[in-house]
Amino acid sequence: YSTEDQGEVMEEIKAQMTGIYTLLKTKYTDGFRIMARTIDDIKTQALNYLGFPVPVDFTTPDEVGACVNRVYSDVLEKAFRMYPWSFARKDGIIEGTKDSSQEARFSHYAKISDFLTNYICVQAAFFDPKHWAKCFDWRQTDTDEIKFMPRKLYVEYTADIGVAKYPAYFADYLALAV
């Protein structure tokens, strides 16, 4: 190829790559990565999987809508707790208050929601911010309280990031689980 021919070939390749990039960006960002835009989309998809043909209004639900509304929040929480989904994983720090109770093993306690945003569950705890030394001296006593040995606990936790950011596979999983 001459220098002129190489330039033309490169321009043609660039045009093809731009077209492919635009197609992929449109298809996979808008249509694949995020399948359901709202909670009602997931609920409707669940009913479609069951072969329910009639649209359901979940804001003023009939019997079917009320049933799906009741089940959805439980399914969502169980789905988040059963696996440390990478798209919902967050890092946080919990600083404890000295505990004067009888339990000597856990000398500090904290209210989790005071330190972590959109918290669903703690997946792991560490002594250091780089997560090198795993801490096993902690226990969640109820949904919002944690007891632990060190004064400061570095945690990996699962957070609800909002339905619009759920990947397609997770939205599909929720619809199938409902």
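Let me sum up the structure you'll find in this document. A quick note: this is a predicted structure, and the numbers were derived from the prediction, not measured. (Residues numbered from 1 in each chain as written. Predicted model: local features only at pLDDT ≥ 70, side-chain atom pairs only at ≥ 80, totals over all residues. Heavy atoms only, no water.)

Note on placement: Leu153 falls in strand 7 (residues 152-159). We classify Leu153 as buried; its relative accessible area is 0%. As a C-alpha pair, Leu153 and Phe126 span 27 residues in sequence and 6.1 Å in three-dimensional space. Those residues in contact with Leu153 that sit more than four places away from it in its chain are Gly92, Ile93, Ile94, Ala125, Phe126, Cys135, Trp138, Ile146 and Phe148. (Helix = DSSP H or I, 4+ residues; strand = E, 2+ residues; numbered from the N terminus. Buried < 20%, exposed > 50% of the residue type's maximum accessible area, 1.4 Å probe, protein only. Contact = heavy atoms within 4.5 Å.)

The subject of this paragraph is the packing of helix 2 (residues 39-49) against helix 3 (residues 63-82). Running from N to C, helix 2 and helix 3 point in directions that differ by 115 degrees, and their axes come no closer than 11 Å. The angle between helix 2 and helix 3 places the two elements in the roughly perpendicular class. Relative to helix 3, helix 2 is oriented so that their crossing is right-handed. Residues Ile39, Ile42, Lys43 and Leu47 of helix 2 lie in contact with helix 3, whose contacting residues are Val64, Val68, Asn69 and Tyr72. For the contact of helix 2 with helix 3, the residue count by class is six nonpolar, one polar and one charged. (Axes fitted to C-alpha atoms, helices over the stretch in contact; angles between N-to-C directions. Parallel < 35°, antiparallel > 145°, perpendicular 65-115°, else oblique. Left-handed = near helix turned anticlockwise from the far one by under 90°. Nonpolar A, V, L, I, M, F, W, Y, C, P; charged D, E, K, R; others polar.)

Turning our eyes to something else, we now look at the side chain of Lys43. Tracing the chain through its elements places Lys43 in helix 2. Although Lys43 lies buried, it forms no salt bridge, and the closest oppositely charged side chain, Asp40, sits 4.2 Å away as judged by the N-O distance. Beyond its immediate sequence surroundings of up to four residues, Lys43 is in contact with Phe58, Val68, Asn69 and Tyr72. (Lys, Arg positive; Asp, Glu negative; His and termini not counted. Salt bridge = Lys/Arg side-chain N within 4 Å of Asp/Glu carboxyl O.)

Under the counting rule described, the total for this entry stands at three salt bridges. In this structure, Glu77 engages Arg81 in a salt bridge whose closest nitrogen and oxygen atoms are separated by 2.9 Å. Taken together, the positions of Glu77 and Arg81, both in helix 3 and four residues apart, correspond to about one turn of that helix. For Asp91, the salt bridge is made with Arg89, and the minimal N-O distance between the two is 2.9 Å. If you follow the salt bridges from partner to partner, you end up with Arg89, Asp91 and Glu156 in one network.

The next subject is helix 3. The end-to-end C-alpha distance of helix 3 is 29 Å, a good match for the 28 Å that 20 residues give at a rise of 1.5 Å each. Packing partners of the buried residues in helix 3 comprise helix 2, strand 4 (119-126), strand 7 and helix 4 (168-177). Two to three positions downstream of the cap, the backbone nitrogen of Val64 sits 3.3 Å from a side-chain oxygen, assigning the N-cap of helix 3 to Asp62. (Expected span 1.5 Å × (residues − 1). Polar contact = N/O pair within 3.5 Å; in protein donor to acceptor, adjacent residues only side chain to side chain.)

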